[in-house]
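# Architecture and fold: a report
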Amino acid sequence: MNICSVTVTRISSIINVYSEEGRYLEIKNRPYYGISFCKNGKIEYVKNGIKTVSDNTCAIILPKGQNYSLFGTKTGEFPLINFDTDQNITDDVLRIPLQNPEAYILEFERLRTSWQNPYGQAKAMSIFYDVLDRMSHEGNNESILLSPALKYVSEHFSESSLSNESLAVAANISEVYLRRLFVKTLRITPKQYILEFRIRQAKQLLSEKAFTVTGIAEKCGFASVYHFCRAFKTITGQTPTEYASTAERTKG
């Protein structure tokens, strides 16, 4: 879905969100779509195990009617536009790299000023459509192009055969372009993304203590428990057993 092809039926709110480091929120059934920019700071969004980072190089599209969590990893300000449309835009949290982020911050301030004026609603809507049009040309909505591949990872991470080829097929793009999109939009290779996704799932299972380490390795798509333990310690600094013990003490 091209974000410029929808009709905006309502702008609900236009606010500056101040997010402190360590701030954690769980969002349930978000009532509107949102577009969040970043003046400074950093937020990590997680939906269905997929992590999306918001910083001052991108915009984030937040999905209506969906659940996700967010964690402030660096204190900062995040201009936010909440709105509704006549069509579904996305069910995922999307990251759109911006060529000139400062220009969007200026447009946000113009939009907020017009929207707060009782006689400026039409002007506000015009500015917002200009913002959407500009965003629709940012890298041909590369984050949206990646969305099918990210969804495929969340649904098939338990399969040890998961590969760049299968992700490229899911996204209907070439493997070369797939890798380029991952590195440009997420700053990570597809292979590393799959590995980190599996580790996040493994951490959740370890904290629940419902399976053995071997069972978790299998459920998270690792070819062997040895490979799982080595990868887990490389990324987290702990063995799976150490992590499970730490999680248990934290609960207690």
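Refer to the structure above for everything that follows.
Reference entry: report on the structure contained in this document. (Residues numbered from 1 in each chain as written. Predicted model: local features only at pLDDT ≥ 70, side-chain atom pairs only at ≥ 80, totals over all residues. Heavy atoms only, no water.)

### Thoughts on the nonpolar core
Note the threshold: By nonpolar core is meant a set of buried Ala, Val, Leu, Ile, Met, Phe, Trp, Tyr and Cys residues that side-chain atoms within 4.5 Å join together. Buried means the residue's accessible area, taken with a 1.4 Å probe over protein chains only, is under 20% of the maximum for its type, while exposed means over 50%, and partly exposed covers the values in between. Secondary structure follows DSSP: runs of H or I at least 4 residues long count as helices, runs of E at least 2 residues long count as strands, and numbering of each begins at the N terminus. The contact criterion used is simple: two residues touch if any of their non-hydrogen atoms lie within 4.5 Å.
With 32 residues, the main nonpolar core has Leu-167, Leu-178, Phe-182, Tyr-193 and Phe-228 as its most contacted residues. Looking at this core, the elements with two or more residues in it are α3 (142–156), α4 (164–171), α5 (175–186), α6 (190–208), α7 (213–219), α8 (225–236) and α9 (240–251). If you tally residues by element for this core, the top one is α6, at seven residues. Not counting residues within four places of it along the chain, the set of residues in contact with Tyr-193 comprises Ile-50, Leu-150, Val-153, Phe-182, Leu-186 and Ile-188. Among the nonpolar cores identified, the runner-up in size contains 26 residues, and Ile-11, Ile-61, Ile-127 and Val-131 belong to it.

### A look at the pattern of salt bridges
Between side chains of opposite charge, pairing is possible as soon as their charged atoms come close. To be explicit about the condition: Take a side-chain nitrogen of Lys or Arg and a carboxyl oxygen of Asp or Glu: if they are within 4 Å of each other, that pair is a salt bridge.
If you walk through the whole model with that rule in mind, you get seven salt bridges. Salt-bridge contacts for Glu-107 lead to Arg-110; the nearest nitrogen and oxygen are separated by 2.8 Å. Taken together, the positions of Glu-107 and Arg-110, both in helix α1 (residues 101–116) and three residues apart, correspond to about one turn of that helix. With relative accessibility at 12%, the residue Glu-107 sits in the buried group. Of the residues examined, Arg-110 reaches a relative accessible area of 38% and is grouped as partly exposed. In the salt-bridge network here, residues are joined through shared partners; they are Lys-39, Glu-77, Glu-109 and Arg-112.

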